[in-house]
Each structure stands twice: as C-alpha cells, then as structure tokens.
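Remarks on the overall topology
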Amino acid sequence: GHLSEFIGAPHLTETKVTDPDAKCFLTPSLAQVRRMVTEYCILPIGSQYLHTNVPIAKTLLLYGYSGTGKRMLAYSVAHETGSVLFDISPGAFLAKPQNMENPKILAHTIFKVAKVMAPSIIFMD
C-alpha cells in the first residue's frame, strides 16, 4: 500500500471546539492523519538532512478502533521509506504456536534485529 491511497477530506481539518474547557478529543480527519504520518514518519526517515538536523520521534503510537487503517499506515510508511517491517501482532504467530514458547526471547530478538536492519518499523496490533 502507498500512502497516496490513504486519502482524506481536507474540509474536516476546520473542526472547531466551541467550549475551550471541554475535555474531549476530536477525531482527526484522514487528511490530518496522512499529513502527520508524512511529517513525523516518512520525511525524517527518507531525508538524510532532516534525520540529522531536526529532532525526530523514534516512536509513534497509532491507536483507534479496529478497521481504521493502522496496519495500512504502518505498511505504507515501510513502503515509502524502504524500511523493514516486523509485524509482531499475535495474529502473525497464530499459525506457528511453537514460536510463542518464550515470547520475551522472541521480542528481544526482533528488537535487536530491527536495530541492526535500521530503518525498521515494528508493528504490534
């Protein structure tokens, strides 16, 4: 999947809160999500200048309801940046239960390999 397939409606970015003391979070539009993923994930990894001169986030948390596109975004970022993607979601290991004998060792190994093969993306669902 390409990030260009994740299209949003820009008019939703004009959402305003009428009560400034409200303790609610507005749901971002798809256009806002795409812009943030591009700014915080793709540009710092894809540009050596930005990677060395701009403080970058090393971790990103995407959360939301099932079916909202978190997996697609992770795969799109990996594709756009040429990163290695490690999908360590429980569903990825259901076919091979023998791999789950010691999940701590498995997770430790994946993190070490991801560090060696940087840039890497570790996806957990």
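Below, the structure is looked at part by part. (Residues numbered from 1 in each chain as written. Predicted model: local features only at pLDDT ≥ 70, side-chain atom pairs only at ≥ 80, totals over all residues. Heavy atoms only, no water.)

Observations regarding helix α1 (residues 30-46)
The periodicity of an α-helix, 3.6 residues per turn, causes residues three or four positions apart to be oriented the same way. To keep it simple, the criterion reads: In this analysis the local bend is the angle between axes fitted, respectively, to the seven residues ending at and the seven residues starting at the residue. Runs of E in the DSSP output that reach at least two residues are strands. Runs of H or I that reach at least four are helices, and both are numbered from the N terminus. Exposed residues in this analysis have more than 50% of their type's maximum accessible area, buried residues have under 20%, and partly exposed residues fall in between, with area computed by a 1.4 Å probe over protein chains only. Here, residues are in contact when the closest pair of their heavy atoms is within 4.5 Å.
Roughly 40° is the biggest bend found in α1, and it falls at T38. Restricting attention to buried positions, one finds in α1 the residues V37, C41, I42 and P44. Summarising the contacts, the buried residues of α1 are in contact with α2 (48-53) and α3 (70-81).

Here's the deal with unusual backbone geometry
The omega angle of the peptide bond from A118 to P119 is 5°, so this bond is cis rather than trans. When you line up the elements, P119 lands in the loop between α5 (103-116) and β2 (120-123).

A short note on the pairing of β2
Regular strands have side chains that alternate between both faces of the sheet. Formally: Pairing between strands is defined by DSSP: at least two bridges between the two strands are required.
The two faces of β2 differ: I121 and F123 on one face are buried, but S120 and I122 on the other face are not. As judged from the 4 bridges shared by strand β1 (residues 84-87) and β2, these two strands associate in the parallel manner. Each residue of the ladder has a partner; that of D87, found in β2, is F123.

Here's the deal with the pattern of salt bridges
Operational definition: Basic side-chain nitrogens of Lys or Arg form a salt bridge, by our definition, when they fall within 4 Å of a carboxyl oxygen of Asp or Glu.
One pass over the structure, following the stated rule, counts 3 salt bridges. Salt-bridge contacts for E39 lead to R35; the nearest nitrogen and oxygen are separated by 3.4 Å. Placement of the pair is E39 and R35 together in helix α1, with a separation of 4 residues, close to one helical turn. Using a relative accessible area of 35% as the deciding quantity, one classes E39 as partly exposed. For D87, the salt bridge identified is with R71, shortest N-O distance 2.6 Å. With D87 in strand β1 and R71 in helix α3, this residue pair connects regions lying 16 residues apart in the sequence. In this structure, a network of salt bridges that share partners links the residues R71, D87 and D125.

Points about the packing of α1 against α3
Selection criterion: Note on method: axes are straight lines fitted to C-alpha atoms, helices fitted across the in-contact stretch only, with angles between N-to-C directions ranging 0 to 180 degrees. Left-handed describes a crossing whose near helix is turned anticlockwise from the far helix by less than a right angle; the clockwise case is right-handed. Residues are grouped as follows: Ala, Val, Leu, Ile, Met, Phe, Trp, Tyr, Cys and Pro are nonpolar; Asp, Glu, Lys and Arg are charged; every other residue, Gly included, is polar.
One way to put it is that α1 packs onto α3 with a least axis distance of 10 Å and a crossing angle of 40°. Viewed along their axes, α1 and α3 form a crossing whose handedness is right-handed. Between α1, through V33, V37, C41, I42 and I45, and α3, the contact on the second element is made entirely by L73, V77, E80 and T81. Its residues assigned to classes, the contact of α1 with α3 shows 7 nonpolar, 1 polar and 1 charged.

As for the nonpolar core
The cut-off we apply is this: Remark: nonpolar core denotes a set of buried residues (Ala, Val, Leu, Ile, Met, Phe, Trp, Tyr, Cys) joined through side-chain atoms within 4.5 Å.
Within the largest apolar cluster, 7 residues are counted, these being V37, C41, I42, L73, V77, A78 and I121. Contributing elements (two or more residues each) for this core: α1 and α3.

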